[in-house]
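Structure at a glance
As a plain string of letters, each chain reads:
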Amino acid sequence: MAVVEKELLCKDFLTKDKQLLIDGKWVNAESGKTFETRNPATDQVIGKVAEGSKADVDKAVKAARKAVEEGPWRKMSTAQRAKLMYKLADLVEKNADQLAQLETLDNGKPINESKHIDVPQTIETFRYYGGWATKIEGETINANPNMFTYTLREPVGVVGQIIPWNFPMLMAAWKLGPALACGNAIVLKPAEQTPLTALRIGELVLEAGFPEGVVNIITGFGADSAGSAISNHMDIDKVAFTGEDKTGREIVKASVGNLKRVSLELGGKAPNIVFADADIDAAVKGAITGIFFNQGQVCCAGSRLFLEKSIHDEFMSKLLARVAKMQQGPGMDEKTQIGPQVSKDQQDRILSYIDIAKKEGASVACGGDAPAGDLAKGYFVKPTIFTGVNNDMRIAQEEVFGPVLAVIPFNSVEEVAEQANKITYGLSGAVWTSDVKKAHKLASQIKAGTVWVNCVNMLDPAIPFGGYKMSGYGRELGKHSIDLYTNIKSVWVNLG
Ligand code: ADP
């Protein structure tokens, strides 16, 4: 492996026991329980983490309520708030290599991706929302000459944030960034599979100087545990969730008690549409990034590849030649392009979808199982491509969340637009063509929150991201997150 033990910058962090962050202090879970987190490349335990539950969530909510109602956080100028956020971004930057290693060890993703995507985007997200802290404004509205009327944008209050394991640190930044910019206090629950980087971010939050209780981090499980304690909590004003649509429904149900505000970023089954007039080599690379980036564990993964019939065979031979050269291995190896899945559960789930596709009559063009040899101890699945798929098969309709691509041929713009939208999800889609008219036409026809033209997986803190249909509601990133994390108050002053 290219990274050897002596270069392990996160060793100190790994060896200490990981506690919960409540009210500015690191504490054990009330129950005293802990759970293990594992390296997906080796199945080895890499850390012991406090297992938070309802009692800990209750304590964290009390601390957050105090911070948002009475603490120095409430009284701080927005410029001071911005300064803390910039400081946090600087600290993430200072610890970039250590955080990248931690992310790769916990999640499995290739170190080059942790270093060049997850960490820089985390920094940019904190900086972008640090900029927003001073730019959140109300309005004056002159509706009635006898009244002076204006609006205030106030923090929503105590915010619960439940995040997934595919981009553990970046998802924490997408959630914390806008919530902090708007002056909320937070109870964050990282995914049980990948708690480490969020906890390290918690240390940096304290080092940056955020007042106690502003950011609380409860590691633990979801259903019937810390996660549901957050979504059910009567003193949490809003819950933001990213994860599976099945869990999203549970969160919505749990929210009815106090009718807390909910925003959801759920799954996807994105169409990636390639026309015969596209730059084929670019589209081949895009198809690979679309499905194999982050081992396919991406809610906007281009998991349905629609190929115009006339280029199907040429495209497939180029695609398969490239995939054959992809280097699969442990994420910590600098040469690795595709790492292990996050957990044994995910590996099993993906392999069972591969079986389903085979039984449905799809043909395995490459992959189709787990690698043997050295990699067999980790949670690897070979990059897998199915041809001969039709859009009604389960492999084309259900989110696999793994490196499994379903290739579907098409004949016309009308046909592909209909097929692309024949799905319950609507998070994203991509179109590859040199015809501007076709590109814009499809961009408007595809029912999804993001459409990429001649590119794929582009994200930026300034550009809104979120779903249509069962991919969720609410838009994260950009100015739209400010709407998620503020309440608008109208004030009427009688001038008569
Ligand atoms: P996956 O099944 O791929 O792990 P989930 O949507 O279940 O994806 O997980 C995303 C996050 O939601 C994790 O932090 C998990 O602990 C949490 N979670 C899972 N089930 C629930 C639930 N019923 N209520 C609240 N949070 C949950």
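Residues numbered from 1 in each chain as written. Predicted model: local features only at pLDDT ≥ 70, side-chain atom pairs only at ≥ 80, totals over all residues. Heavy atoms only, no water.

The strand order β13-β14-β15-β12-β11-β17-β18 describes an open sheet built from seven strands, whose pairing is mixed. Each edge of the open sheet is held by one strand with a lone partner, namely β13 (363-366) and β18 (450-453). Strand-to-strand, the axes of this sheet are offset by a mean angle of 25°, without reference to chain direction. Direction of pairing for strand β11 (residues 271-274) relative to strand β12 (residues 304-308): parallel, over a ladder of four bridges. (Pairing = 2+ DSSP bridges. Helix = DSSP H or I, 4+ residues; strand = E, 2+ residues; numbered from the N terminus. Axes fitted to C-alpha atoms, helices over the stretch in contact; angles between N-to-C directions.)

In this structure the tally under the stated criterion is 27 salt bridges. Two residues, glutamate 36 and arginine 38, come together in a salt bridge whose shortest N-O distance is 3.2 Å. Accessibility expressed as a relative area gives 46% for glutamate 36, which makes it partly exposed. Glutamate 192 is the salt-bridge partner of lysine 189, the closest N and O atoms lying 3.5 Å from each other. Residue classification places glutamate 192 among the partly exposed residues on the basis of a relative accessible area of 24%. (Salt bridge = Lys/Arg side-chain N within 4 Å of Asp/Glu carboxyl O. Buried < 20%, exposed > 50% of the residue type's maximum accessible area, 1.4 Å probe, protein only.)

An α-helical segment advances 3.6 residues per turn. Residues three or four places apart therefore align on the same side. Between its first and last C-alpha atoms helix α2 (residues 54-69) spans 22 Å; for 16 residues at 1.5 Å apiece the expected length is 22 Å, and the two agree. Within α2, burial applies to Asp56, Val57, Ala60, Val61, Ala63, Ala64, Arg65, Ala67 and Val68. Looking at the buried side of α2, the elements it contacts are β1 (20-22), α3 (72-75), β6 (158-162), β7 (185-189), β8 (215-217) and α9 (226-232). (Expected span 1.5 Å × (residues − 1). Contact = heavy atoms within 4.5 Å.)

The next thing to look at is the side chain of threonine 197. Relative to the helices and strands, threonine 197 resides in helix α8 (residues 196-208). Residue threonine 197 is classed as buried on the basis of its relative accessible area, which comes to 0%. A distance of 2.7 Å separates the side chain of threonine 197 from the side chain of glutamate 103, its partner in a polar contact. Setting aside residues up to four positions removed in sequence, threonine 197 forms contacts with Leu99, Leu102, Glu103, Pro168 and Met169. (Polar contact = N/O pair within 3.5 Å; in protein donor to acceptor, adjacent residues only side chain to side chain.)

Turning our eyes to something else, we now look at the site of the ligand. What surrounds the ligand is a group of 21 residues, the closest being Ile163, Lys189, Glu192, Glu244 and Thr247. Glycine 222 is positioned with one of its backbone polar atoms (N or O) 3.4 Å from an oxygen atom of the ligand. Here the ligand loses 87% of its free accessible area of 550 Å² to cover by the protein chains. Those elements giving two or more residues to the shell around the ligand turn out to be α9, β9 (238-242) and α10 (245-254). For the shell around the ligand, the class distribution of residues is nine nonpolar, eight polar and four charged. (Near = heavy atom within 4 Å. Areas by Shrake-Rupley, 256 points an atom, 1.4 Å probe, with all protein chains shown as cover. Nonpolar A, V, L, I, M, F, W, Y, C, P; charged D, E, K, R; others polar.)

The next thing to look at is the domain arrangement of the protein. The domains assigned to the protein are domain 1 (5-266 + 471-491) and domain 2 (271-460). When the two sides are added together, the surface that domain 1 and domain 2 hide from each other amounts to roughly 2,600 Å², 58% of it contributed by carbon and sulfur. Between domain 1 and domain 2 we count one salt bridge in total. Close ionic contact of lysine 115 with glutamate 334 constitutes a salt bridge, the shortest N to O distance being 3.6 Å. Scanning the region where domain 1 abuts domain 2 turns up 10 residue pairs in polar contact (both at pLDDT 80 or more). (Domains from an automatic or database assignment. Buried area = accessible area lost by both parts, 1.4 Å probe.)

Let us look at unusual backbone geometry. At aspartate 43, a residue that is not glycine, the phi angle is positive and equals roughly 70°. Note that aspartate 43 resides in the loop between β3 (34-39) and β4 (44-50). Of note, leucine 259 is a non-glycine position whose phi angle comes to about 50°, a positive value. You can see leucine 259 is positioned in the loop between α10 and β10 (261-265). What makes leucine 259 exposed here is its relative accessible area of 69%.

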